[in-house]
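# Breakdown of the fold
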Amino acid sequence: LNLNNLGYILRLRRDFAGAEGSFQEAIRIAERSLGPNHPELATFLMNLGMLEAERGRFAASEILLVRGCGILEKNFGPADFRTLKARVQLAEVYQAKGQLMAAERLYRQTLPLLSDSQSANDGVVTRARGDYERLLAETKAKSKRSSSGG
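Residues numbered from 1 in each chain as written. Predicted model: local features only at pLDDT ≥ 70, side-chain atom pairs only at ≥ 80, totals over all residues. Heavy atoms only, no water.

Let's shift gears to unusual backbone geometry. Even without glycine at this site, Arg14 takes up a positive phi of about 70°. Tracing the chain through its elements places Arg14 in the loop between helix H1 (2-12) and helix H2 (16-34). (Helix = DSSP H or I, 4+ residues; strand = E, 2+ residues; numbered from the N terminus.)

Here is the structure:
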């Protein structure tokens, strides 16, 4: 956990190389000591995935986030707040990659459950709804440009 915390601090300080190394080492240790499906490992994968997204490395980010989401869902179920929060992060990456249909599908699946979650008061729902609204506006504008030939 200390390497993960260090990685988070380094990320906040914009030391992306240092953060990446800390997250990768945390993942390596967790895989070896906790196994490939431990929820703690999912946290480390999600943190490295979001770092990769922040750096514009969306393909690497997607791989890490999909794996993290899978681990969380396996351990806690598809309607657990931790799983839902991770799925919102994955939807954000799809949106940033321009995979608007994948992002929209994930938001549509996740937002109703997230809104009903007991932990819905932590700001994740508000941010996710805002992201989803921006996605819909972006999709509409893109559709309008396509239909007008521009």
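Time to look at the pattern of salt bridges. Here the structure, examined in full by the defined rule, presents 13 salt bridges. Where Glu31 meets Arg67, a salt bridge forms, and the shortest distance between an N and an O atom there is 2.8 Å. Of this pair, Glu31 sits in helix H2 while Arg67 sits in helix H4 (residues 58-76), and the two are 36 residues apart along the sequence. The partly exposed category is assigned to Glu31, whose relative accessible area is 32%. Given a relative accessible area of 33%, Arg67 falls into the partly exposed group. Asp131 serves as the salt-bridge partner of Arg127, at 4.0 Å between the closest nitrogen and oxygen. With Arg127 and Asp131 both in helix H7 (residues 124-147) and four residues apart, the pair spans about one turn of that helix. Of the residues examined, Asp131 reaches a relative accessible area of 10% and is grouped as buried. (Salt bridge = Lys/Arg side-chain N within 4 Å of Asp/Glu carboxyl O. Buried < 20%, exposed > 50% of the residue type's maximum accessible area, 1.4 Å probe, protein only.)

What follows deals with the packing of aromatic side chains. All chains considered together, the criterion is met by one aromatic pair. Taking 5.6 Å as the distance between ring centres and 50° as the angle between the ring planes, the aromatic pair formed by Tyr107 and Tyr132 counts as tilted. In this pair, Tyr107 is assigned in helix H6 (residues 100-116) and Tyr132 in helix H7, connecting sequence segments 25 residues apart. Here the guanidinium or amino end of Arg82 rests over the ring plane of Phe76, the centre of that ring lying 3.5 Å away. (Phe/Tyr/Trp six-rings, centres within 6.5 Å; stacked < 30°, edge-to-face > 60°. Lys NZ or Arg CZ within 6 Å of the ring centre and 35° of its normal.)

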